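# Summary of the model geometry
One-letter residues, chain by chain:
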Amino acid sequence: MDSAHLTSGMDEHAVVTTRVAERQWHAVADDRVVGRGDASPRPDGRIFISIDTWHCSVFDRLADTMLADLPEPLYTLVDEADVDMTSHWERAGFTTRRREWEYLVPTDPQVTGLGSVPAPPGVTMVAIGEAEQGPLRTLDRTIRDEVEATVGWQEMPAEVLHRPDGVTVPDASKYAAAARSDEYVGLVRLAPVARQPRIGLIAVRSDHHRLGIARALLAHVLGSLHRSGIETASAEVVESNAAATALFEGVGARRAGSNLELVLR
């Protein structure tokens, strides 16, 4: 992660920046590593970069070196509250592409109002850890194809799990699903972060939209967490995703922060 605070005071002429691996750069001064840069290709093909240093001048030197070595477009993520870090990326030529809201989602049905939400007729909920990998992969691939054919997968939350080429849903134990007949039509991915699990993805096949499946899935997952003694979960929602925003805010989720995705074209 990028350093949250940058300070000046280092003689930039004493700093040497070097590419030390295919996707790694170091800034060295007096035989000490004073900054690190990384480039991380995402499954959707985009390259996200990060710089970790305490020194303004080192940040600038690393940024110059990395940008000269890498093809555009390039992307990075910053905490919107970190004005200093945002300004350093902007000085390097990056501009804001989009905002992701971070939500804290209550799990108590008396708070969310989801205690009496039934599954739509003919739809059953498959609990976390009980979904079958084959049907999950089929649904995941269908949803990805639908997204690519419309807004594009790059409009999904930027934190995309890395997976081998052609392999989706590497760990079925992190998923709950909505089943209809002999196939899955909706899914939720839950990252088991200690004390506050993260809802990484909630999606429904396009031909089953507007049936209440996403709300029923959310009710199922949040209810399970509540029964396990977990009071809140977290989720990230792209600002432009009105449906997801309405879904989470409709159950009492509150915004706890935001991240900016910046791009250099």
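First things first, this report covers the structure right here in the doc. Quantities reported herein were computed from a predicted structural model and do not represent experimental measurements.

The next point concerns unusual backbone geometry. The residue after glutamate 72, namely proline 73, is reached through a cis peptide bond having omega 5°. Looking at the element boundaries, proline 73 is found in the loop between helix H1 (56-69) and strand E5 (74-79). In this structure, aspartate 30 is a non-glycine residue whose phi angle is positive, near 55°. Mapped onto the elements, aspartate 30 comes out in the loop between strand E2 (24-29) and strand E3 (32-41). With a phi angle near 65°, arginine 210 is a residue other than glycine that sits in the positive phi range. Note on placement: arginine 210 falls in the loop between strand E10 (198-204) and helix H5 (213-227). Given the relative accessible area of 86%, arginine 210 is considered exposed.

Relative to the helices and strands, arginine 227 is located in helix H5. Given a relative accessible area of 65%, arginine 227 falls into the exposed group. In sequence terms arginine 227 and threonine 107 are 120 residues apart; their C-alpha atoms lie 8.9 Å from each other. A polar atom in the side chain of arginine 227 sits 3.3 Å from the side chain of serine 224.

Bringing the packing of H1 against helix H2 (residues 83-91) into the picture now. One way to put it is that H1 packs onto H2 with a least axis distance of 10 Å and a crossing angle of 40°. Relative to H2, H1 is oriented oblique. Considering the relative orientation of H1 and H2, their crossing is right-handed. In this structure, H1 uses Cys56, Phe59 and Asp60 to contact H2, whose residues at the interface are Met85, His88, Trp89 and Arg91. Taken together, the residues that form the contact of H1 with H2 break down as 4 nonpolar, 1 polar and 2 charged.

Moving on to the nonpolar core. Membership of the largest hydrophobic core comes to 28 residues, with the highest contact counts inside it found for Val105, Ile199, Ile213, Leu218, Leu222, Leu225 and Phe248. At the level of secondary structure, the elements contributing two or more residues to this core comprise strand E6 (95-106), strand E8 (175-180), strand E9 (183-191), E10, H5, strand E11 (232-238) and helix H6 (242-249). With 7 residues, the single largest contributor to this core is H5. Leucine 225 has contacts with Thr107, Leu190, Pro197, Ile230 and Ala233, leaving out every residue within four places of it along the chain. Counting residues in each nonpolar core, the second largest holds 24 residues, with Ala27, Phe59, Ala63 and Leu262 among its members.

Turning our eyes to something else, we now look at the pairing of E2. The side chains of a regular strand alternate between both faces of the sheet. Only one face of E2 is covered, namely the one carrying Trp25, Ala27 and Ala29; the face carrying Gln24, His26 and Val28 has none of its residues buried. Bridging between strand E1 (residues 16-21) and E2 involves 5 bridges; their strand directions are antiparallel. When the sheet's bridge partners are listed, alanine 21 is paired in E2 with glutamine 24. Following E1, the chain reverses through 2 residues before pairing antiparallel with E2.

Let's shift gears to the environment of valine 111. Looking at the secondary structure, you find valine 111 in helix H3 (residues 109-112). Between the C-alpha atoms of valine 111 and glycine 252, which are 141 residues apart in sequence, the distance is 6.9 Å. Among residues more than four places away in sequence, those in contact with valine 111 are Pro106 and Val251.

Now for the packing of aromatic side chains. Under the criterion given, the structure shown has 4 aromatic pairs. Members of the aromatic cluster, joined through ring pairs, are Phe59, Trp89 and Phe94. For arginine 42, the ring lying beneath its charged end belongs to phenylalanine 48, and the centroid distance is 3.9 Å. When the ring centre of tyrosine 75 is taken as origin, the NZ or CZ atom of arginine 46, which lies over that ring, is 5.0 Å away.

Cut-offs used in this document
- Residues numbered from 1 in each chain as written.
- Predicted model: local features only at pLDDT ≥ 70, side-chain atom pairs only at ≥ 80, totals over all residues.
- Heavy atoms only, no water.
- Helix = DSSP H or I, 4+ residues; strand = E, 2+ residues; numbered from the N terminus.
- Buried < 20%, exposed > 50% of the residue type's maximum accessible area, 1.4 Å probe, protein only.
- Polar contact = N/O pair within 3.5 Å; in protein donor to acceptor, adjacent residues only side chain to side chain.
- Axes fitted to C-alpha atoms, helices over the stretch in contact; angles between N-to-C directions.
- Parallel < 35°, antiparallel > 145°, perpendicular 65-115°, else oblique.
- Left-handed = near helix turned anticlockwise from the far one by under 90°.
- Contact = heavy atoms within 4.5 Å.
- Nonpolar A, V, L, I, M, F, W, Y, C, P; charged D, E, K, R; others polar.
- Core = buried A, V, L, I, M, F, W, Y, C linked by side-chain atoms within 4.5 Å.
- Pairing = 2+ DSSP bridges.
- Phe/Tyr/Trp six-rings, centres within 6.5 Å; stacked < 30°, edge-to-face > 60°.
- Lys NZ or Arg CZ within 6 Å of the ring centre and 35° of its normal.

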